[in-house]
Amino acid sequence: MGGFIAKESEKFERFSDWFDNVLLTARIADNRYPVKGFIVYLENGWFVIERVRRRLEELLEEDGHLPMYYPLVATLENFSREAEHIKGFMGEVFAVGKLRTGENEAQQETPLILRPTSETIMYPMFALWISNHSDLPLKVHQSCAVYRYETKATRALYRVREIPWNEAHTAHASRGEAEEQVRKAVEIYRKVLDELGIAYLILRRPDFDKFAGAEYSIAFDAWNPDGKVNQVATVHNLGTNFSRVFGIVFEKREGGKEYAWQLCYGFGYSRVLAAVIAQHGDDLGPIFPPWVAPIQIVVVPIPYKGREAEVYEYAKRVYGLLRPGFRVRLDDREDVTPGEKYYYWERRGVPLRVEVGPRDVEKSAVVLARRDTGEKFSVPIEMLREEVAKVLEDIARSLSERSKRRLSEQIVDAPSLEEGARNVELGKICRVSWCGSEECALSLKSSLGAEVRGYRYDVDEKSDRPCIVCGSPGKTYLYVSRAY
RNA sequence: GGGGCCGUGGUCGAGCAUGGUCUAAGAUGCCUGGCUUGGGCCCAGGAGGUCGUGGGUUCAAAUCCCACCGGCCCCA
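Per chain, the residues get numbers from 1 upward, laid out in the order the sequence is written. Going through the entries in the order they are written, you letter the chains from A and number the ligands from 1. Only residues with pLDDT of 70 or above have their local features reported here, since the model is predicted, and side-chain atom pairs are shown and tallied only from 80 upward, although totals for entire chains, interfaces and linings are computed over all residues. Values reported for side chains reflect all heavy atoms of the structure, with hydrogen atoms and water molecules removed beforehand.

1. Quick word on a nonpolar patch on the surface
Okay, step 1: Note that patches include only residues with greater than 30% relative accessible area and no salt bridge, and the join distances are 9 Å for like charges and 5 Å for nonpolar side chains (Val, Leu, Ile, Met, Phe, Trp, Tyr). For accessible areas, the Shrake-Rupley method is used with a probe of radius 1.4 Å. Any residue's cover is judged against the shown protein chains and nothing else. By definition here, a salt bridge exists when the distance from a side-chain nitrogen of Lys or Arg to a carboxyl oxygen of Asp or Glu is within 4 Å. On the surface, Y69, L72, V73 and L112 cluster together into a nonpolar patch covering about 340 Å² of accessible area.
Okay, step 2: By the criteria applied, helices consist of DSSP H or I runs no shorter than four residues and strands consist of E runs no shorter than two, each listed in order from the N terminus. Tracing the backbone shows L72 in the loop between β3 (66-67) and β4 (73-75).

In C-alpha cells, the structure reads:
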C-alpha cells in the first residue's frame, strides 16, 4: 500500500518554471492578463487569500483596530507633503485623470494618483478626527489593493503592480504607547504566519532601507526556494514625521499640545499566498495547510467491475459523514481512473485523500492518504471524523516544522566576505557579524551582491566576533540575502 | 539605470540559420465512445492556431527589418 515519494528537485532547481506552472494548474492565479504586473486571482488562490484576510482582520479587530475603507486616489499635493515619503515612492506612482476623447479638448487637469500606500490619504482625515488625548489611540485597518508602478521585472504574486494587502494605521499619545503597539502588531502578524506554517525571520531593517518617512522598520522575510527572501509583512514606527506635516495634534491631559505618535503596518496577501505555495509545495504542486485549503479532503471511490454500486454507495456515505465540518469533495467521475484522480487533486493541493474500494466496504473502513508525506493507512469508519481531524492537524504541524527546518538550513554563518559572497551565490541567507555602523552595512550590499535585510528583532543576538567589514568588535548579526 | 535572450492551439514545443515544400510537427491537456479501475493504462474519433500587436521589405513572411506590448535572465 505504498504512496509516492514527495520530490522537490524541480521546485528548488527551476523555481520560476515550477511556480508559473503551479499557479495555473492548481487554479491559483492566471498571469496571462495582458497588462504588465496585473494578474487574475483564480478560485483557489483567492480562497486562500480570503481565509487569511478573515483571520488577520479578526485579530486586528480584537486588538481594537476599526475596519474602514479609504479612497483609492489622492491629490499629488497631499501625497507630496512628507519629504522622505515622496522621495521613496515618487518613481512608482500611477497617475490618473479624465481620458481625453477629443483632439481639441483642453489640457487635462493635474492628475490624481493611485495610492501606493495610504498614509497621505488617511492622515488628513486623522487630523480632523484627533484633537485631544481622549481621541487616542486611534487604530484603523483596511484590506484593499495598492498600486505601484514597478519598472523592474514583475513576477506573479511576488512583485505585482496591483498589490492586495491589509494596512493598519495607528496614532498614539506617547512614544512609549507607540512602541507597545509595534510589539502588538508584530505579534498579530506572527500569529497568522505561524498558523500558515510559514517560516520567516523578523528583522529590523538597516536605516538606509527603512520605509520612506519612518523612524524605523521591522519586516517579516519568508524564505523562498530560489534563495530570494520574500518580504511578506512590515511594521513601521513613524514617530511624528507624518503628524507634523499633516497637523495631527492632540491636547494633552495635563495641558499643552503634542504631535501624535504614529505607526503603519502592512501584510501582503499575495506574497503570503506565494510563501504558502513556495514553502509547502512539492514538484506536483501546492500543499495547502488545512485551514486555508479550498478543498480539505477528497473522497475517491475505487470501483471494481460488478461492484460499482456498493462502492459508490459507500463513498457517498463517507462523504456524508465528512460533510459537516470539513470542506470535502466526492470525485465520482466514472470515466477517470482512481490513479488519475489522485494526481489531479494532488496537483491542486488538497491535503488529504480518502480512498474507498471494495476492500474498505468489506472491512467498514477507509484508507487515508496524506498529501504531504504520501503515507497511507486504514481507518475504521467509526473513527473517521476524529482520525481525519487529527491527521489534518498533523499535516499542518508537519508542514510548519518542515518549513522551519528549511529556513534554518538556508541560513549560513559567513566568517568572511568571500565566504558570504559565495553563499549568496548559492541562494543562502548569510548571517554576518556587524559592528553596528551604517557604513559597514551599506558596503555589505555591494561586497556580497545581495540585500542587507537587517538584524533580528525578536531575538537579541550578541556577536562575539569582529565586524565582517571593518574588523572592530561586533555588536550583533546582520542577515544578508537576495530578495524580492 | 545598463546589457542580453525570448513570444507558434489551453500548456509545453518543432519549424526560423538559407523566405516558397507550412493546408504549421509532436507532446500534453480538453471533448465523445469503448475498455479498464488500490497511482497518470490502452484503443478509436474530435474540437482547438489572425504564428504577441502594428507597420515595412518581397512575386511570396511563422521565418528578414522597425516600433510597440508582454515574458525571462544578468549587471548596477
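2. Focus on the sheet that holds strand β6 (residues 112-114)
Okay, step 1: Two strands make a pair as long as DSSP finds a minimum of two bridges between them. Here we have three strands laid out as an open sheet, ordered β4-β6-β5, and antiparallel in their pairing. Each edge of the open sheet is held by one strand with a lone partner, namely β4 and β5 (95-96).
Okay, step 2: Taken together, the two bridges between β5 and β6 define a ladder with antiparallel strand orientation. Of the residues in β6, the one forming a bridge with V96 is L112.

3. Describing the packing of helix α14 (residues 417-425) against helix α15 (residues 438-448)
Axes are the key here: two packed helices are described by the angle between their axes and the distance separating the axes.
Okay, step 1: Lines fitted to C-alpha atoms define the axes here, with helix axes fitted over just the stretch in contact, and angles between the N-to-C directions of these axes take values from 0 to 180 degrees. With their axes 9 Å apart at the nearest point, α14 and α15 run at an angle of 60 degrees to one another. Taken together, the axes of α14 and α15 lie oblique to each other. Seen from above, α14 lies across α15 with right-handed handedness. Here L417, G420, A421 and V424 of α14 lie close against α15, whose contacting residues are L444, S447 and L448.
Okay, step 2: Amino acid classes used here: Ala, Val, Leu, Ile, Met, Phe, Trp, Tyr, Cys and Pro are nonpolar; Asp, Glu, Lys and Arg are charged; the rest, including Gly, are polar. Class assignment of the residues belonging to the contact of α14 with α15 gives a composition of five nonpolar, two polar and no charged. For this classification, under 35 degrees means roughly parallel, over 145 means roughly antiparallel, 65 to 115 means roughly perpendicular, and everything else is oblique. Note on convention: near helix rotated counterclockwise from far helix by under a right angle means a left-handed crossing. Clockwise means right-handed. Contacts are assigned to residue pairs with any non-hydrogen atoms lying within 4.5 Å of each other.

4. Section: the state of the cysteines
Okay, step 1: When two cysteine sulfur atoms are found within 2.5 Å, that pair is recorded as a disulfide. Under the criterion given, the structure shown has zero disulfides.
Okay, step 2: Considering cysteine sulfurs only, C470 is the nearest to C440, which forms no disulfide, with 3.8 Å between them.
Okay, step 3: Taking relative accessible area as the criterion, C440 reaches 7% and is therefore assigned buried.
Okay, step 4: The cysteine C470 is free of any disulfide, with C467 supplying the nearest cysteine sulfur at 3.7 Å.
Okay, step 5: To sort residues, take the accessible area from a 1.4 Å probe on protein chains only and compare it with the maximum for the residue type: under 20% means buried, over 50% means exposed, and anything in between is partly exposed. Given a relative accessible area of 43%, C470 falls into the partly exposed group.

5. With respect to the protein's contact with RNA strand B
Okay, step 1: Residue proximity to a molecule or strand is established when one non-hydrogen atom of the residue lies within 4 Å of it. Around RNA strand B there are 30 residues in total, and R32, E346, R347, R353 and D360 lie nearest to it.
Okay, step 2: A distance of 3.3 Å is found between a sugar or linking oxygen of RNA strand B and a backbone nitrogen or oxygen belonging to P303.
Okay, step 3: Between D360 and RNA strand B, the recorded distance is 2.6 Å, taken from a side-chain N or O atom to a base nitrogen.
Okay, step 4: Of all the elements in the fold, those that place two or more residues in the surface near RNA strand B are α11 (338-347), β17 (352-356) and α12 (358-363).
Okay, step 5: No other element matches α11, which puts seven residues into the surface near RNA strand B. The term polar contact refers here to a pair of N or O atoms within 3.5 Å; inside protein, the definition further demands a hydrogen-donor-capable atom paired with an acceptor-capable atom, and it admits residues adjacent in sequence only when both atoms are side-chain atoms.

6. Some remarks on helix α13 (residues 384-410)
Okay, step 1: To estimate how far a helix should extend, the number of its residues minus one is multiplied by 1.5 Å. The terminal C-alpha atoms of α13 lie 39 Å apart, and with 27 residues this matches the ideal 39 Å at 1.5 Å per residue to within 8%.
Okay, step 2: Taken residue by residue, α13 has L384, E387, V388, V391, L392, I395, L399, S400, R402, S403, L407 and Q410 as its buried positions.

7. Notes on the domain arrangement of chain A
Okay, step 1: Where each domain starts and ends follows an automatic or database-derived domain assignment. Each assigned domain of chain A is listed here: domain 1 (9-100 + 110-280), domain 2 (297-397) and domain 3 (411-483).
Okay, step 2: Here the C-alpha centre of domain 3 lies 26 Å away from the C-alpha centre of domain 1.
Okay, step 3: Contacts between the two partners involve 20 residues from domain 1 and, on the opposite side, 17 residues from domain 3.
Okay, step 4: Each partner contributes to the roughly 1,700 Å² buried at the junction of domain 1 and domain 3, and carbon and sulfur atoms together form 62% of this total.
Okay, step 5: Inspection of the domain 1/domain 3 interface yields two salt bridges.
Okay, step 6: For R453, the salt bridge goes to D221, with nearest N and O atoms at 2.8 Å.
Okay, step 7: Summed over the shared surface of domain 1 and domain 3, the result is seven residue pairs in polar contact (both at pLDDT 80 or more).
Okay, step 8: Of all elements in the fold, only α7 (175-195), β9 (200-204), β10 (216-222) and β11 (228-239) reach the threshold of two or more residues within the side of domain 1 that touches domain 3.
Okay, step 9: Tallied by class, the residues present in the side of domain 1 that touches domain 3 amount to nine nonpolar, two polar and nine charged. Summed over both partners, the accessible area lost on bringing two parts together, with a 1.4 Å probe, is the buried area.

8. Re α7
The α-helix advances 3.6 residues per turn, and as a result positions three or four apart in sequence lie on the same side.
Okay, step 1: For α7, with 21 residues, the first-to-last C-alpha span of 31 Å sits near the 30 Å given by 1.5 Å per residue.
Okay, step 2: The set of residues buried in α7 consists of A178, Q181, V182, A185, V186, I188, Y189, V192 and L193. Along α7, the residues classed as buried sweep out an arc of 160 degrees about the axis, all on the same side. Note that the arc is computed from the directions linking the helix axis to the C-beta atoms.

9. Topic: the sheet that holds strand β16 (residues 328-330)
Okay, step 1: Taken in spatial order, the five strands line up as β16-β15-β17-β18-β19 in an open sheet, and their pairing is mixed. Either end of the sheet is taken by a strand with one partner, and the two such strands are β16 and β19 (376-380). For this sheet the average axis-to-axis angle between neighbouring strands, irrespective of direction, equals 25 degrees.
Okay, step 2: Against the sheet, helix α10 (residues 308-322) makes contact with β15 (297-301), β16, β17 and β18 (365-370), and its axis sits at roughly 165 degrees relative to β15, the strand it touches most.
Okay, step 3: Contacts between α11 and the sheet are confined to β15, β16, β17 and β19, with β15 contributing the most and set at about 170 degrees to the helix.

10. Quick look at the packing of aromatic side chains
Okay, step 1: A pair of aromatic rings is counted whenever rings of Phe, Tyr or Trp (Trp by its six-membered ring) have centres within 6.5 Å, and the orientation is called stacked for planes under 30 degrees apart, edge-to-face for over 60 and tilted otherwise. Summed over the entire model, instances satisfying the criterion amount to 24 aromatic pairs.
Okay, step 2: Here the aromatic rings of Y158 and Y484 are separated by 4.3 Å at their centres, their planes lie at 25 degrees, and the arrangement is stacked. Of this pair, Y158 sits in the loop between β7 (138-147) and β8 (162-172) while Y484 sits in the segment after β23 (476-483), and the two are 326 residues apart along the sequence.
Okay, step 3: The class of Y158 is buried, set by a relative accessible area of 2%.
Okay, step 4: Given a relative accessible area of 11%, Y484 falls into the buried group.
Okay, step 5: Aromatic rings pair up to connect Y70, Y123, F126, W129, F242 and F246 into one cluster.
Okay, step 6: In this structure, R161 is placed above the aromatic ring of Y149, and the distance from its NZ or CZ to the ring centre is 4.0 Å.
Okay, step 7: By the criterion adopted, a ring carries a charge over it if an Arg CZ or a Lys NZ lies within 6 Å of its centre and within 35 degrees of its normal. Seen from the ring of Y342, R353 lies directly overhead, with NZ or CZ sitting 3.8 Å from the centre.

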